[in-house]
Amino acid sequence: MHTKTLAELARGLRDRAFSSEELTRHYLERIKRHDGQLNSFITLCEDSALARAREADIQLASGKPGPLAGIPFAHKDIFCTDGVRTSCGSRMLDNFIAPYNATVTERLQQAGAVMLGKTNMDEFAMGSSNETSYYGPVNNPWNPDTVPGGSSGGSAAAVAARLAPASTGTDTGGSIRQPAALCGITGLKPTYGRVSRYGMIAFASSLDQAGPMAASAEDAALMLQAMAGFDPRDSTCVDRPVEDYSAGLNNDIRGLRIGLPKEYFGEGLDPAVAKVVEAAIAELKQLGAEPVEISLPNAGLAVPTYYVVAPAECSSNLSRFDGVRFGYRCDNPRDLEDLYKRSRGEGFGPEVKRRIMIGTYALSAGYYDAYYLKAQQARHLIADDFKAAFEKVDVIAGPTAPNTAFRLGEKVDDPVTMYLSDVFTIAVNLAGLPGMSVPAGFVEELPVGLQLIGNYFEEDRLLNVAHRYQQVTDWHTRIPKGFE
Amino acid sequence: MALKPAEVEKIAHLARLAIDPVDVDQYARNLSDILAFVEQLEAVDAADVTPMAHPLEATQRLRPDVVTETDQRTHFQAGAPAVEAGLYLVPRVIE
Amino acid sequence: MQWEAVIGLEIHAQLATKSKIFSGASTAYGAAPNTQACAVDLGLPGVLPVLNEEAVRMAASFGLATHATVAPRSVFARKNYFYPDLPKGYQISQYELPIVHTGYLDIELEDGETRRIGITRAHLEEDAGKSLHEGFHGVTGIDLNRAGTPLLEIVSEPDLRSAKEAVAYMKKLHSLVRYLEICDGNMQEGSFRCDANVSIRRRGEHRFGTRAEIKNINSFRFVERAINFEIERQIEVLESGGAVVQETRLYDAGKDETRSMRTKEEANDYRYFPDPDLLPVELDAAFIEAVRKTLPELPDAKKSRFMEQYGLSAYDAGVLTASREMADYYEAVVEASKVEGKLAANWVMGELSAALNRDGIEVEDSPIDARAFAGLLQRIGDNTISGKIAKTVFEAMWAGEGDADAVIEAKGLKQITDTGAIEQMIREVIEANPQQVEQYRSGKDKLFGFFVGQVMKASKGKANPAEVNKLLKQLLDE
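Residues numbered from 1 in each chain as written. Chains lettered and ligands numbered in written order. Predicted model: local features only at pLDDT ≥ 70, side-chain atom pairs only at ≥ 80, totals over all residues. Heavy atoms only, no water.

Counting its regular elements, chain A contains 15 helices and 11 strands. Its C-alpha radius of gyration of 21 Å places chain A within 12% of the 23 Å reference for a compact globule of 484 residues. Taken over the C-alpha atoms alone, chain A extends approximately 65 × 55 × 45 Å along its principal axes. The burial tally for chain A puts 70% of its 484 residues in the buried class. Nonlocal contacts in chain A, meaning residues at least 24 apart in sequence, comprise 76% of its contacts between residues at least 6 apart. Entry remark: accessible area of chain A is about 14400 Å², with carbon and sulfur atoms responsible for 47%. (Helix = DSSP H or I, 4+ residues; strand = E, 2+ residues; numbered from the N terminus. Rg over C-alpha atoms; globule rule 2.2 N^0.38 Å. Buried < 20%, exposed > 50% of the residue type's maximum accessible area, 1.4 Å probe, protein only. Contact = heavy atoms within 4.5 Å. Areas by Shrake-Rupley, 256 points an atom, 1.4 Å probe, with all protein chains shown as cover.)

The next subject is the pairing of strand β5 (residues 76-80) of chain C. Residue and element names in this part refer to chain C. Of all 5 residues in β5, 5 are buried; the element is thus mostly enclosed. Across 2 bridges, the pairing between β5 and strand β16 (residues 273-274) is antiparallel. Note on β16: the bridge partner recorded for A77 is P274. (Pairing = 2+ DSSP bridges.)

Of all hydrophobic cores here, the largest spans 200 residues; its most connected members are F124(A), F386(A), L452(A) and L463(A). No other element matches the 9 residues that helix α12 (residues 369-392) of chain A contributes to this core. Leaving out residues up to four positions away in the same chain, F124(A) has contacts with C88(A), S90(A), M92(A), L93(A), I201(A), F203(A), L318(A), F321(A), F348(A) and V352(A). One finds A55(C), L109(C), I200(C) and I217(C) within the second-largest nonpolar core, a separate group that totals 69 residues. (Core = buried A, V, L, I, M, F, W, Y, C linked by side-chain atoms within 4.5 Å.)

Hydrogen bonding along the main chain pairs the strands of a sheet, whether they run parallel or antiparallel. All names here are of chain C. Within the open sheet, the 9 strands sit side by side as β3-β7-β8-β11-β1-β12-β13-β14-β15. Their pairing is mixed. Strands with a single pairing partner mark the edges of an open sheet, and in this sheet they are β3 (69-70) and β15 (257-260). Summarising the sheet, strand β1 (residues 3-14) and strand β11 (residues 150-156) pair through 5 bridges and their orientation is antiparallel. Bridge pairing in β11 places I11 opposite I154. Contacts from helix α4 (residues 220-239) reach β1, β12 (192-202), β13 (212-217), β14 (247-252) and β15 within the one sheet, and its direction differs from that of β12 by about 25°. (Axes fitted to C-alpha atoms, helices over the stretch in contact; angles between N-to-C directions.)

This next bit is on the interface of chain A and chain B. In this assembly, 70 residues from chain A lie in contact with 50 residues from chain B. In this assembly, chain A packs against chain B so that about 5000 Å² is buried in total across both faces, 70% of it on carbon and sulfur atoms. Scanning the region where chain A abuts chain B turns up 1 salt bridge. A salt bridge links E69(B) to R233(A), with the shortest nitrogen-to-oxygen separation between them at 3.9 Å. Across the chain A-chain B interface, the total number found is 20 residue pairs in polar contact (both at pLDDT 80 or more). If you list the elements that add at least two residues to the side of chain A that touches chain B, you get α9 (302-317), α10 (336-347), α11 (350-363), α12, α13 (415-419) and α14 (426-431) of chain A. In terms of residue count, the dominant contributor to the side of chain A that touches chain B is α12(A) (12 residues). Partitioning the side of chain A that touches chain B into residue classes produces 38 nonpolar, 15 polar and 17 charged. (Buried area = accessible area lost by both parts, 1.4 Å probe. Salt bridge = Lys/Arg side-chain N within 4 Å of Asp/Glu carboxyl O. Polar contact = N/O pair within 3.5 Å; in protein donor to acceptor, adjacent residues only side chain to side chain. Nonpolar A, V, L, I, M, F, W, Y, C, P; charged D, E, K, R; others polar.)

So, on to the packing of aromatic side chains. Taken as a whole, this structure holds 32 aromatic pairs over all chains when the rule is applied. Pairing Y372(A) with F273(C) gives two aromatic rings, centres 5.7 Å apart and planes at 75°, and the pair type is edge-to-face. On the criterion of chain membership, the pair formed by Y372(A) in helix α12 and F273(C) in strand β16 is interchain, its members lying in two chains. According to the relative accessible area criterion, F273(C) is buried, its value standing at 1%. The structure contains a cluster of three or more aromatic residues connected by ring pairs, namely F96(A), F124(A), F321(A), F326(A) and F348(A). Positioned above the aromatic ring of Y104(C) is the side chain of R116(C), whose terminal nitrogen or guanidinium carbon lies 3.7 Å from the ring centre. A cation over an aromatic ring shows up here: K171(C) above the ring of F220(C), its NZ or CZ 5.5 Å from the ring centre. (Phe/Tyr/Trp six-rings, centres within 6.5 Å; stacked < 30°, edge-to-face > 60°. Lys NZ or Arg CZ within 6 Å of the ring centre and 35° of its normal.)

It is worth spelling out the environment of L89(B) at this point. Residues and elements named next belong to chain B. Here L89 is to be found in strand β3 (residues 87-91). Note on L89: relative accessible area 10%, which makes it buried. C-alpha of L89 to C-alpha of P55: the two residues are 34 residues apart in sequence and 40 Å apart in space.

Contact with chain C, which involves 51 residues of that partner, is made by 34 residues of chain B. Here chain C packs against chain B, burying approximately 3800 Å² in sum over the two surfaces, 60% of which is carbon and sulfur. The set of elements that each furnish at least two residues to the side of chain C that touches chain B consists of α1 (39-42), β2 (51-52), α2 (53-65), β10 (139-143) and β17 (281-282) of chain C. With 5 residues, the top contributor of residues to the side of chain C that touches chain B is β10(C). As paired elements, β3(B) and β10(C) share 4 bridges and run antiparallel to each other. Bridging across to β10(C), P91(B) finds its partner in V139(C).

If you want it as structure tokens, here you go:
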């Protein structure tokens, strides 16, 4: 069953070829059998999943099932789930049973989806390797000595190993796309404002966006359909109709202009990865697309800009974790200041503390203009580059990550090198555009992702291009050894 | 910009983070590396560029003035570290 | 003395919305702790703010009423600091681009002079919760019911020169926000709070001295006292060769002094930046015009109208328009009674106000409503009773003994205007006091008052005084 696509599973459930309970049990079994090797789940929700599956079976029998009725999925542990621990990969929230549902959680529930459990992630989504998690690193199913990418590393590994047919992720600087690339799955970060951020624990509010992670573009379309839409609880969520993401999947892409930013194919890109990406672009050309060389002259500013904006926002967003109303509190605080400092000092890991400190510094008196304001200006330049590019092209393509999965521990002591893992994904968040990673081949048995970037609210076009590509390639159907 | 350990301690205090004294040098090094990296931005000529705080050029939506929330104190306080008589407790605050 | 005080006030007015500024929780006062603190108010992980339209409308109406600019674009910013009553570790406020700026308010001083006080800005922000220290041993309890209540922080220019001016400004502002119905003005419940920035300088000096900020003063009386204490303190410091330290001070009403709040080891660094969870607030001309249409007649305009329409002095009109409720009451009385404006003003400002003050009652809760009060004035106007008797009738009405006519009837207080009856009483008085009559007639004019008194006494106060005067004169001079 686990080799089937989400679309096939939905059909199977509707045709009563199998029940949701059977399907859910199958995935729960797989998780129990394989996740010891991967550590992709933080919390497994066996009882509630089976209960939901049985409800879905009733829905399916009644003939009025939701669009994802009975489909199991893995939920990134950054989304609040009423009554279920929501840890955000942090000791700070190890004891936090969320008292309410995120809008995304709610929407998936309404669509009938069955939550298998909560997936591992970099602490507060800060990381590119899943090594900053309080719950330990996740192993890449393609090679257990390598990282799955991050921060949605657990979600990516779980889908790659077919421990779940699909999962949710969040992407602040590449946290859906980079792990999708490193684990050989399909991941989509929607336009900023397309999916509600309510109940998704904030890292950097002006950059965070939730999206689907699945085996294929077709499956991602089904997931996104359920996740996207207006939410009055999120002021930054956009009130506009949601496209039918499945309807245009098979559209012809002849004549589609694909921009290839020269900055994405130069220094810093592993030549072997470049080759795979170029082959993928050749495949798109075969399908009738027209590659156009473009330039994003300020691309080089993206990572430094991001590492001012994101820490600045996070330093403020994470102030609420103070040991007073929820979460971790240190033992025997001497006084209020001790309560704050030790609860936060002990509750947060080193990378989170680093980012809080960088952000605190960048916003502090005397440095605001030089760092924060300057970064906001650079952000504008970066966004304008894309605006100019989309005058000439329909979609931009390039590598998702500069390398394949790196070894566990390789970059953990060198934050700046780690940050450069997101060199091609970060600009998309700064601009607020939709971006996607599609499996495009392998280098030494490790997956490579093709990144597709669309204009605002053109998720449907990205999915269309990705789907057409997946019609003529089989990279997305590959399953790592031992998980078949 | 190389941060001195004393500056790291000052920032950590502002952010209310206890840092183990043995780790201060390591933080100073890491943070200095990150700052040196982001200082590439200094070279950018952006004097007349409007700062961009938001990816979308949207404006704030307004919510009607209606009470929609009900009392969920028991539910919300179930996981609180220290509660008494409905109040969250902290060590004595001196004014 | 050669010192001049320079004072600016920051007033926090809680806006009278039903729900909070960024959440749908109730703002009602006095609920059990934390029962009105919803997920957003508690700053639970993942929650987001959405702005209350009514708070925006109220801020805009304040801007229009103070001749200020209502900004077409304003931005919310985060003010970052740690405190247990501040759940998110930051307060959502406005910093560089407030919703209202550059306005003014005219205040009248005791000598009748008018002064224009600049309003630098008024911005929207969320209130914090409350820390409770009593009843717990060694710990503080946090109640977040108030967290997220909308506040309008109104910042004046440093245009005030004395504690009296500061109080006059604050009272005018207090009256204005209540006219606009954007704040209930309840100072005891903290709906209207004041921080005062006070500095002194030598007269003639243009530069400002170093200022101290006195926090959270919650009554007009305390504002006056705190500022006066602070001015004296600063003069003492400077005259003894010291320097004023820029600091935050607390007013201790018990000791009638200000004292320094524990100096923090670092200056506050609030790290303001635009709140990424909220978008810029844009108000178009149509919105602002719609707000303008809802503005009530404001105190200054009402005062001018009262002077013109009812023939009142500036002082009377000022007192009667100080609160919207008082002005409404007065107008209702005049309309219903059809008596002269001045007579109604005297009675509202005299007997009624005294009784309200004595019993600590607001005019809108007066046991004598405007219609009943008008009934009383009508009986004065048509000479049914004299002014003096009217006071007795008023007291009976206040005590709930019925309307004016019922009281007059029950107590038999109807004025005697029958000249025959009055003449009869006068003759009896003349007869009973031959000695005084003789003295009067031989030139001791002062005794006239004695006769009036005797006649009024004989009539139990009910004789029409004008008639008594006239007839008495005639009969004594016979």
